[in-house]
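# Chain and residue survey
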Amino acid sequence: MTAKRLVISGIEVDANSVANCDAIRLTAVPNFTLRNVRAWNARTAIDVVGSLLGKLDGVVARNSATGFKFRDDPVATCYANAIRMDSCRALGCTSWGLDFGKGSGLLVDSL
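Residues numbered from 1 in each chain as written. Predicted model: local features only at pLDDT ≥ 70, side-chain atom pairs only at ≥ 80, totals over all residues. Heavy atoms only, no water.

### Regarding the overall build of the protein chain
Condition: Numbering of helices and strands runs from the N terminus; a helix is a DSSP stretch of H or I covering at least four residues, while a strand is a stretch of E covering at least two. As defined in this context, the radius of gyration uses C-alpha atoms, and a globule is described by 2.2 Å times the residue total to the power 0.38. Throughout this description, buried means an accessible area under 20% of the type-specific maximum (1.4 Å probe, protein chains only), exposed means over 50%, and partly exposed covers the range between.
When helices and strands are tallied, the protein chain shows zero helices and 13 strands. N-terminal to C-terminal, the α/β element order of the protein chain is β-β-β-β-β-β-β-β-β-β-β-β-β. The C-alpha radius of gyration computed for the protein chain amounts to 13 Å, which stays within 12% of the reference 13 Å derived for 111 residues, consistent with globular compactness. In the protein chain, buried positions account for 38% of the 111 residues.

See below:
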């Protein structure tokens, strides 16, 4: 049986500076790819909660409190694992460009 992969490519999300709003949140997605995605003006531009395998390629997070956030899922006790970031950018983030709160296996190539 082949694991399914969620692929999101070529979208732009502007959270319009709404308080407590995340631009893109993936919760408990076991296998995902974000490719050429742009997210801005959010509390967290890209929020990954408890996802196991992930690849971010050419993703830009800008003008948000936190650009990229990887954290555990407290309900499922699942941690971010085997996350790869290629050619990603965090620009104008006021708190964190990259917040890897809990997990293992983060590979960053030219953030």
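### Some words on the sheet that holds strand E2 (residues 12–14)
Put simply, the rule is: Two strands are said to pair when DSSP picks up at least two bridges between them. Each axis is a line fitted through C-alpha atoms, and for a helix only the stretch in contact is used; angles between axes span 0 to 180 degrees, taken between their N-to-C directions.
Across the sheet, which stays open at both edges, the four strands sit in the order E2-E5-E8-E11 with parallel pairing between neighbours. The sheet terminates laterally at E2 and strand E11 (89–91), the two strands that pair on one side only. On average, adjacent strands in this sheet sit at an angle of 10° to one another, irrespective of strand direction. In this structure, strand E8 (residues 60–62) lies alongside E11, joined through three bridges in parallel fashion. Looking at the pairing, Val-60 lines up with Arg-89 of E11.

### Side note on the side chain of Asp-86
Counting through the fold element by element, Asp-86 comes out in strand E10 (residues 80–86). A residue is classified by how much of its surface remains accessible, and Asp-86, at 9% relative accessible area, is buried.

### With respect to unusual backbone geometry
Positive phi outside glycine occurs at Ala-28, with the angle close to 55°. Following the sequence through the fold, Ala-28 ends up in the loop between strand E3 (22–27) and strand E4 (31–35). Judged by relative accessible area, Ala-28 falls into the partly exposed class, the value being 43%. Notably, Asn-41 is not glycine yet its phi reads approximately 55°, a positive angle. Locating Asn-41 in the fold gives a position in the loop between strand E5 (38–40) and strand E6 (44–49).

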